[in-house]
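Analysis of the macromolecular model
This is what each chain is made of:
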Amino acid sequence: MTTADAPDPLCLSARRTVASSMHPLGPCRIGDDALAVVDGDLRVHGIGGLRAADASVLQTVPPAGTDVTVCAVAERAADLIRPWAVSARQRPPAPRQSTSEGSGTAMESPDPTLGTTTLTALLESTEDVAGAALAALLTRSAAGFAVWDTDLRCVWVNDTLGQYDGIARESRLGRGPRDALPGDAEELETAMRQVLATGAGLTGREYRVPAAAGTVRDSAYSASFVRLDDADGRPLGVCLVVLAVRDRRWAGDRLAVVSEAGARIGTTLDVMRTAQELADFTVPLVADYVTVDLTEAVQLGEEPLERLEPSQGRIPTFRRAGRASIHTGAPESLWTRGEVVYVPEASPFMQVLSTGGPVLEPILDTSADSWLANDPARAEKIRAFGMHSLMVLPIRARGVLLGVAVFVRTDNPMPFDESDHQLAAELVSRAALSLDNARRYTRERATALALQRSLLPSSVSGGTAMEVAARYLPADAADGVRGVGGDWFDVIGLPGGRVGLVVGDVVGHGIDAAATMGRLRTAIRTLADLDLPPGELLTRVDRTFIGLVEDEPDSDMPLPSMGATCVYAVYDPAARRCTVALAGHPPPAVVDPGGGVTFAELPTGTPLGLGMLPYEAAELDLPAGSLIALYTDGLVEDRRQDIDVGMERVSNALTRTGLSVDDLCSAVIDTLPTETTSDDVTLLLARALP
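For the structure given in this document, a descriptive report is provided here.

Rules used throughout
Residues numbered from 1 in each chain as written. Predicted model: local features only at pLDDT ≥ 70, side-chain atom pairs only at ≥ 80, totals over all residues. Heavy atoms only, no water. Axes fitted to C-alpha atoms, helices over the stretch in contact; angles between N-to-C directions. Helix = DSSP H or I, 4+ residues; strand = E, 2+ residues; numbered from the N terminus. Parallel < 35°, antiparallel > 145°, perpendicular 65-115°, else oblique. Left-handed = near helix turned anticlockwise from the far one by under 90°. Contact = heavy atoms within 4.5 Å. Nonpolar A, V, L, I, M, F, W, Y, C, P; charged D, E, K, R; others polar. Core = buried A, V, L, I, M, F, W, Y, C linked by side-chain atoms within 4.5 Å. Buried < 20%, exposed > 50% of the residue type's maximum accessible area, 1.4 Å probe, protein only. 1 Å grid on protein atoms, 1.4 Å probe; cavity = no way out; pocket = protein on both sides within 12 Å on 5 of 7 lines; lining within 4 Å. Points joined across faces, edges and corners; volume = space filled by probe spheres on them. Salt bridge = Lys/Arg side-chain N within 4 Å of Asp/Glu carboxyl O. Pairing = 2+ DSSP bridges.

**Structural notes on the packing of helix α8 (residues 271–282) against helix α12 (residues 418–455)**
- In contact at an axis separation of 8 Å, α8 and α12 are set at 165 degrees when each is read in the N-to-C sense. As far as their axial angle goes, α12 and α8 are roughly antiparallel. Crossing of α8 against α12: the hand is right-handed. Each of Val-271, Thr-274, Ala-275, Leu-278, Phe-281 and Thr-282 in α8 lies in contact with α12, whose residues at this interface are Leu-427, Val-428, Ala-431, Ser-434, Leu-435, Ala-438, Arg-439 and Thr-442.
- Residues belonging to the contact of α8 with α12 are distributed by class as follows: nine nonpolar, four polar and one charged.

Dropping the structure here:
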């Protein structure tokens, strides 16, 4: 190739190390993102990590097949910087001022070693091709540049750096790194001082910009530092180069993203909420629009689908569990949360279901013969919002399919690539475990609740002696810690018109607690038929309960974890007295006919299952019109309040007059601090009739 045929000089970014065999002066370490200018004959010109005087060693045509790498800006740049440095030392100091030309901004440094010559003026003074190329590189490049003098004061910056970190040039020029850079500026200043002291460049350092208003997380860029030397090797300052390299956008940040996802996805054991958390977290981090569709079985807590074989020819029922968009209200979605989603037979969604693998369409095919031809509603949304890139990922946990997550880009012009897929797959995988845990919890809770409700009385009656009403509230499914407990209540008719009142609470939650509750309720009803006094009845129930625990195959479980509390009261309408015994249970509240409320002082006793001293009973006067309230600790205890606050709340509610027992029950329940409870709540009210 002749000189006349040679193309214009090229600016290259290299990421290698020059081997000693290539370098006449020996080993030359070159950092990532080094800059070079290569002419049409493949002659390499450069200084940077090398001193300008040594740059001529690179002005050779490399052997065929050799990777050409360099360590800084072109040799022509050395010719530009050399007279600048010389003239700078010869000129007297000048007043400090700043100018803005084109896309770069320079400040006449107060440092007398730099004088009045600015980098902008230097670039404007060059008229040859290399000078113009260097000017374009610094002022119109996608890289952010800033130059700092030996006192680490910013003397020049281009507009690109401000676009990356949001700091205006006026706020940067003349200031040190701690005042002119975002994030951990102290660490960046340390890096600059190291480069000034050693002359060795640093590359690939993280340049983190704190999250701006309306964004989810910090932005991370790649920063490199190069010392600028004069012809004699004396430092003039440091050049900062900031790059937004797409292939490395998650480098150093993926762990932080995944860690944040673990804290924000799966905060409860509610399937729908977990799905929505996944959608919210990935917009706009991964996509502009995200939907999470789950099989109907997942929401019901049933077994999810195994992988569908193409020959099965059936389309499962999906419901939209989560959706999020960069547009308010997610107008891209055809279905709201909870609605059944239409799944075309020939579509990427069925492909994911049948193969169990993801579908990645960097460029979404919207042609007339694509799968969208049979789905006009989706096709219209795609056209209306400019959807151009698609990912469909299976939501799979423990070998079973739970649903699909769909990621779409609209406003973001970049198509999905493999790095997007890897990040999305990791986030979906973590969310899938949370969804499966929530599904299993939902199934177990539904089973325990069904068992418990089947063991509780469907209705209660106090006969002619008492007006009774009861309420039972299971623990909130979204609490994430507890489940359905072992609370129960009962009203038992006894000889002589007497009435037995029972409220109990088995330690623990879930199916085991519900089953234990059923056995205890049966034991108490059986012993009550023997017309035993309350204290003796609880003593016998205690022995029976110990026998039940010892018969369990997992009898090595500590007995206290299998305990229960209980209150048993017998009201005699003839004597207008109520005999009460407690087994580690909260004391009943008694409301006199005038509306005064007291919590009875009774022998507390130990919880059932400990086999300690016999239980004692005490008698309370209960004249006509009086009311006794039996309850479990869930009514008065709250993790955010002292138990005395809960008892006062219940006491105030019980003072209301003119209400039926049933209405009074509702009024007391309505005083709970939250609509959802972290523990089961049971309340039994009984009013003595005239």
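**Points about the nonpolar core**
- Counting 53 residues, the largest nonpolar core has Met-466, Trp-488, Leu-501, Leu-537, Val-580 and Ile-628 as the members making the most contacts within it.
- Tallying contributions element by element places strand β20 (residues 564–572) first for this core, with seven residues.

**What to know about empty space enclosed by the protein**
- Across all of its chains, the model carries three cavities of 30 Å³ or more by this definition.
- In this structure, the largest cavity occupies an estimated 240 Å³ of space.
- In terms of residue class, the lining of the largest cavity is made up of 11 nonpolar, three polar and five charged.

**A look at the pattern of salt bridges**
- Inspection of the entire model under this criterion finds 26 salt bridges.
- Between Asp-375 and Arg-378 there is a salt bridge, with the nearest N and O atoms lying 2.6 Å from each other. When sorted by exposure, Asp-375 lands in the same class as Arg-378, which is buried.
- Between Arg-577 and Asp-621 there is a salt bridge; the shortest N-O distance is 2.2 Å. Of this pair, Arg-577 sits in strand β21 (residues 577–583) while Asp-621 sits in strand β24 (residues 617–621); the two residues are 44 residues apart in sequence, bridging distant segments of the chain.
- Its relative accessible area of 52% is what places Asp-621 among the exposed residues.
- Each of the salt bridges in this network shares a partner with another, and the network as a whole consists of Arg-398, Asp-436, Arg-439 and Arg-440.

**A look at the sheet that holds strand β23 (residues 597–599)**
- Reading across the sheet, the five strands line up as β17-β26-β25-β22-β23 and stay open at both edges, with antiparallel pairing between neighbours. The open sheet has two edge strands with one neighbour each: β17 (466–473) and β23. Pairwise comparison of adjacent strand axes, ignoring direction, gives a mean angle of 15 degrees for this sheet.
- By the bridge criterion, three bridges tie strand β22 (residues 589–591) to strand β25 (residues 627–631) in an arrangement that is antiparallel. Residue Val-590 lies in a different strand from β25, and its bridge partner there is Ile-628.

**Quick word on the pairing of strand β7 (residues 154–158)**
- Here β7 lies mainly inside the structure; five of its five residues are buried.
- Bridging between strand β6 (residues 144–149) and β7 involves three bridges; their strand directions are antiparallel. Bridging across to β7, Val-147 finds its partner in Trp-156.
- With antiparallel pairing between neighbouring strands as the criterion, β6 and β7 make up a hairpin whose turn holds four residues, including Leu-152 at a positive phi of roughly 60 degrees.

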